[in-house]
Amino acid sequence: PATLAQSLAVFRRLVEVLGSSQAVLTQSKNAQVAIRRLAELELLAGNTEEADSIYQLLTQYFPQHQQYIHGRAKTATALEDYAVALPLWRKLAANVTAGTDLWYESKYQMIACLLPSDPQAAGQVYRQTIRLSPEVPPEWRLPFRELAAKLDQ
């Protein structure tokens, strides 16, 4: 915790010094790295809203950047803002190779986002995912089994 707090302080200061305007971020890779790292640390520290604000900024300036979309999708999901998260997970799933870890994460999160408001659509995405990849990798088997149980309720 002390190291995390120190890292947060350092990166907050670094972002403050480097800047976070669109002009700065489009011109400076160092500024981009610093602000992305700050977002990751904020999320790790449980400061989801702060991380989400940073990822909102990054996805506004870089709407096709996969890491920023992924970060925004994670923070929106954590904040239960499924209306924002779902299209981001869909975009990620559509633009990564099927069967990759990010593809499974995207499909899983799409189902999780749909489940509270549209269980039928969640079930359709689940069945489609299993048809496309009947051999779910070991690290994703339990999460997908848990989703299947929720869908059966």
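Just so we're clear, the structure is a prediction, and the values are computed from it rather than from any experiment.

Novice: Let's hear about helix α7 (residues 101-114): which residues, and what values?
Specialist: In this model, α7 (14 residues) spans 20 Å end to end at C-alpha, consistent with the 20 Å of a helix rising 1.5 Å per residue. Summarising burial for α7: 12 of the 14 residues are buried, a large majority. Of the residues making up α7, those classed as buried are Leu102, Trp103, Tyr104, Glu105, Ser106, Lys107, Tyr108, Gln109, Met110, Ile111, Cys113 and Leu114. Structurally, α7 contributes buried residues whose contacts are with α5 (66-78), α6 (82-94), α8 (119-132) and α9 (138-152).

Novice: Mind laying out the nonpolar core, listing which residues take part and the relevant values?
Specialist: Counting 28 residues, the largest nonpolar core has Trp89, Ile111 and Phe144 as its most contacted members. Ranked by residues supplied to this core, first place goes to α7 with 8 residues. For phenylalanine 144, the contacting residues outside a window of four places in its chain are Tyr104, Lys107, Tyr108, Ile111, Tyr126, Thr129, Ile130 and Val136. In this structure, Ala34, Leu41, Leu58 and Phe62 belong to the second largest nonpolar core, which totals 17 residues.

Novice: Just give me the short version of the environment of threonine 48, but keep the residues and values in it.
Specialist: Tracing the sequence through the fold places threonine 48 in helix α4 (residues 48-61). The buried category is assigned to threonine 48, whose relative accessible area is 17%. Sequence separation between threonine 48 and glycine 99 is 51 residues, and the spatial gap between their C-alpha atoms is 28 Å. The contact partners of threonine 48, leaving out residues within four places of it in the chain, are Glu42, Leu43, Thr75, Ala78 and Leu79.

Thresholds, definitions, all that
Sequence positions are assigned chain by chain, starting from 1 and proceeding in written order. For this predicted model, a pLDDT threshold of at least 70 governs which residues receive local features, and a threshold of 80 or more governs which side-chain atom pairs are given and counted, while totals over whole chains, interfaces and linings are taken from all residues. To obtain the side-chain values, all non-hydrogen atoms of the structure were used and water was disregarded. The way it works is that DSSP assigns letters per residue, a run of H or I at least four long becomes a helix, a run of E at least two long becomes a strand, and they are numbered from the N terminus. One less than the number of residues in a helix, times 1.5 Å, gives the span that helix is expected to have. Exposed residues in this analysis have more than 50% of their type's maximum accessible area, buried residues have under 20%, and partly exposed residues fall in between, with area computed by a 1.4 Å probe over protein chains only. Throughout, a contact is declared for two residues whenever any of their heavy atoms are within 4.5 Å. Throughout this description, the term nonpolar core refers to a set of buried Ala, Val, Leu, Ile, Met, Phe, Trp, Tyr and Cys residues connected via side-chain atoms within 4.5 Å.

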